[in-house]
Amino acid sequence: MADFVMPALGADMSAGTLLEWLKQPGDRVEKGEIVAVVHTDKADVEVEVFTSGVLEEVFVEPGTEVPVGTVLARIREDGASPTEVARSAAPGAGKPSSTPVEEPRLLISPSARQLARELGVDPATIRGSGPGGRIQRKDVEAAARARAGAPAAAEAAASPTGAATTPAPPAPPSAPTADRQAAMRRAIAASMSRSKREIPHFYLGQTIDMSKAVAWLQQENLRRPVTERLLSGALFIKAVALALREVPELNAVWEGEELVTRQDINVGVAIALRGGGLVAPAIHRTDELSLDELMHALRDLVSRARSFSLRASELSDPTITVTSLGERGVESVFGVIFPPQVAIVGFGTLVERPWISEGQVLPCPVVHASLSADHRVTDGHRAAAFLSTIDRHLQEPEEL
Amino acid sequence: MNQDEIRAAVLHALSEVAPEADPATLRPDLSLRDQLDIDSMDSLNFVIGIHEQTGVDIPEAEWARLQTLDQVVDYVAAALETA
């Protein structure tokens, strides 16, 4: 049997609220499949299972807040025989659910659920257009539009009850609510305060000649359809991932009183949310992705981060973070490390600067790369080697 | 497409990347990036949206010069005229 527990989706997350089970006892689950939705201060998060088998029993009812690590359910792994599980022995702190939930299951994405809440639409009245009838954001928006005064037929389709409803408030779909904003701010405050309290940061910076990378990127994008263009951010992230292979102590987390290096390189990407706030979900095994795959993953991640549809593993797995404020014209950014990680890399804006090459002063596109690192696990010499390695990779963009 | 249709198509593409954008308060002569806090990923998605709405592909080098809504609309109109 395998326990399915309330995950830690950030260093300072101590508890989470189970919002919804997407599977019921007796259902088959596959490794990586999303089985539950959990509410945290930062987001509603889809939680995957890490083993294949049959969901034997659930111990926590929707709406229950439980500490991180609480057993939410048990999964009978493939090959294991059915086991009688004593519910009273369940280590979960949540209210045991001795019978499966009887009401029909509502398939709805976290972002759609949040949007429905914001627009005052009852999800139970919405017909989902996604796989298996899953309700998506566009279904909620359509229902809200229909309710706000679209033809009666459309309203009837969105609202089977046919009940008269008030017009939906014109809430911007991707804007966080004030409550969500405040909760996210608290989560960021807790994490960053802990970081500055516990982690002895040191900082290094290096200006990188980007002429080869910019020229290569321009040529690449000229021959690509607009939907497959690459951003310089993808090159930065890949260069960081490859550099971590050579300085593995920075691909790590600080657990207890020791450094634990990670095998997989999962670069977290700092994503600013519209209206404020920040998340830094991981792109798994970043170093193994081609630039096309990385760009696709990045677009997908940004889109889901801004629609509050991130997955648990994306929030719990980053082994380092990359941040960039280039769009705002900032030339240097020295980040605060996200615990339990031990480093964060910052990239400023691409600017043209005088650059001396072979005795000549030439205009050159450059970017300032910075590293904030944990002095408990590394020193200036190794950190400098890491930045130099990023630089070296950016001089060979075709190899990224 | 006439100018109004092009503007509507561009605004539709913009609404996909910046849902909070209010066409009524958006200044067409000021920088979109400054008014809407658009980052590089938003910009790329905006260009893709314009392509989907109008068929016009704005090259990367041109995009860097297009700052305002009016400039984007004028660029798309010119591209459609010469197509």
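Analysis parameters
Residues numbered from 1 in each chain as written. Chains lettered and ligands numbered in written order. Predicted model: local features only at pLDDT ≥ 70, side-chain atom pairs only at ≥ 80, totals over all residues. Heavy atoms only, no water. Helix = DSSP H or I, 4+ residues; strand = E, 2+ residues; numbered from the N terminus. Buried < 20%, exposed > 50% of the residue type's maximum accessible area, 1.4 Å probe, protein only. Contact = heavy atoms within 4.5 Å. Areas by Shrake-Rupley, 256 points an atom, 1.4 Å probe, with all protein chains shown as cover. Core = buried A, V, L, I, M, F, W, Y, C linked by side-chain atoms within 4.5 Å. Domains from an automatic or database assignment. Buried area = accessible area lost by both parts, 1.4 Å probe. Salt bridge = Lys/Arg side-chain N within 4 Å of Asp/Glu carboxyl O. Polar contact = N/O pair within 3.5 Å; in protein donor to acceptor, adjacent residues only side chain to side chain. Nonpolar A, V, L, I, M, F, W, Y, C, P; charged D, E, K, R; others polar. Pairing = 2+ DSSP bridges. Axes fitted to C-alpha atoms, helices over the stretch in contact; angles between N-to-C directions. Expected span 1.5 Å × (residues − 1). Arc of directions from axis to C-beta. Phe/Tyr/Trp six-rings, centres within 6.5 Å; stacked < 30°, edge-to-face > 60°.

We now examine the overall build of chain A. Along chain A, the regular secondary structure elements total nine helices and 19 strands. The buried share of chain A, reckoned over its 400 residues, is 52%. Excluding contacts between residues fewer than 6 apart, the proportion of contacts in chain A whose partners are at least 24 apart in sequence is 65%. Summed over all atoms, the accessible surface of chain A reaches about 18000 Å², with 52% contributed by carbon and sulfur.

To continue, consider the nonpolar core. Residue and element names in this part refer to chain A. Counting 117 residues, the largest nonpolar core has Phe 4, Phe 386 and Ile 390 as its most contacted members. If one sorts the elements of this core by residue count, helix α6 (residues 232-246) sits on top with ten residues. Residue-level mapping places this core at the junction of two domains, with at least three residues from each of domain 1 (2-89) and domain 2 (199-399). Each residue touching Phe 386, except ones within four places of it in the same chain, is listed here: Val 240, Ala 243, Leu 244, Val 247, Leu 250, Ile 320, Val 345 and Leu 371. Ala 112, Ala 116, Leu 119 and Ala 144 belong to the second largest nonpolar core, which has eleven residues in total.

Counting residues at the interface gives 19 residues for chain A and 22 residues for chain B. Both sides of the chain A and chain B interface together cover about 1700 Å² of buried area, and 54% of this is carbon and sulfur. Considering only the side of chain A, the residues that lose the most area to chain B are A:Val226, A:Arg229 and A:Arg274, jointly responsible for 37% of the buried surface there. Applying the counting rule to chain A against chain B returns five salt bridges. Taking the shortest distance from any N to any O, the salt bridge between A:Arg306 and B:Asp42 comes out at 2.8 Å. At the surface where chain A touches chain B, the tally comes to nine residue pairs in polar contact (both at pLDDT 80 or more). When residues of the side of chain A that touches chain B are traced back to their parent elements, those giving at least two are α5 (211-223) and α7 (291-306) of chain A. Along the lines of polarity and charge, the residues of the side of chain A that touches chain B split into nine nonpolar, four polar and six charged.

Looking now at the sheet that holds strand β2 (residues 15-21) of chain A. Residues and elements named next belong to chain A. Read across the sheet, four strands follow the order β5-β4-β2-β7 without closing on themselves; strand pairing throughout is antiparallel. Each edge of the sheet is formed by a strand with only one pairing partner; in this case those strands are β5 (44-48) and β7 (65-67). Averaged over all neighbouring strand pairs, the angle between strand axes comes to 40 degrees, with direction disregarded. When β2 meets β7, the two strands line up antiparallel, connected through three bridges. Pairing of Ala 15 across the sheet is with Pro 67, part of β7.

So, about α7(A). Residues and elements named next belong to chain A. Taking 1.5 Å as the rise per residue, α7 with 16 residues should run 22 Å; its terminal C-alpha atoms sit 22 Å apart, in good agreement. For α7, the set of buried residues is Leu 291, Leu 294, Met 295, Leu 298, Leu 301, Val 302, Arg 304, Ala 305 and Arg 306. Downstream of α7 by a residue or two, Phe 308 has a phi angle that is positive, lying close to 60 degrees.

Structurally, A:Pro397 can be placed in the segment after α9 (380-394). Each C-alpha atom of the pair A:Pro397 and A:Phe236 lies 9.9 Å from the other, and the pair is 161 residues apart in sequence.

Time to look at helix α1 (residues 3-17) of chain B. Residues and elements named next belong to chain B. Spanning 15 residues, α1 covers 22 Å between terminal C-alpha atoms, matching the ideal 21 Å at 1.5 Å per step. All of the buried residues in α1 are Ile 6, Ala 9, Val 10, Ala 13, Leu 14 and Val 17. For α1, the buried positions fall inside an angular range of 140 degrees around the axis, keeping them on one side. Summarising the contacts, the buried residues of α1 are in contact with α2 (32-36), α3 (40-54) and α5 (69-82). Sitting at the amino-terminal end of α1 is Asn 2, which places a side-chain oxygen 3.0 Å from the backbone nitrogen of Asp 4.

Here the focus is the environment of A:Gly32. Residue and element names in this part refer to chain A. Here Gly 32 lies in the loop between β3 (28-29) and β4 (34-39). Given a relative accessible area of 45%, Gly 32 falls into the partly exposed group. Taking the C-alpha atoms as reference points, Gly 32 and Val 49, 17 residues apart in sequence, are found 5.3 Å from one another. Discounting residues that sit within four places of it in the chain, Gly 32 has contacts with Glu 48 and Val 49.

A few words now on the packing of aromatic side chains. Residues and elements named next belong to chain A. Applying the stated criterion to the full structure yields four aromatic pairs over all chains. Their ring planes at 50 degrees and their centres at 6.0 Å tell us that Phe 4 and Trp 21 sit as a pair that is tilted. Linking Phe 4 in strand β1 (residues 2-5) with Trp 21 in strand β2, this pair joins segments that are 17 residues apart in sequence. Each member of the pair, Phe 4 as well as Trp 21, carries the same accessibility label: buried. Judged by centre distance (6.2 Å) and plane angle (90 degrees), the ring pair of Tyr 203 and Phe 334 falls under edge-to-face. Placement of the pair is Tyr 203 in strand β9 (residues 201-209) and Phe 334 in the loop between β16 (320-324) and β17 (343-347), with a sequence separation of 131 residues.

These results come straight from atomic positions and should not be treated as a statement about function.
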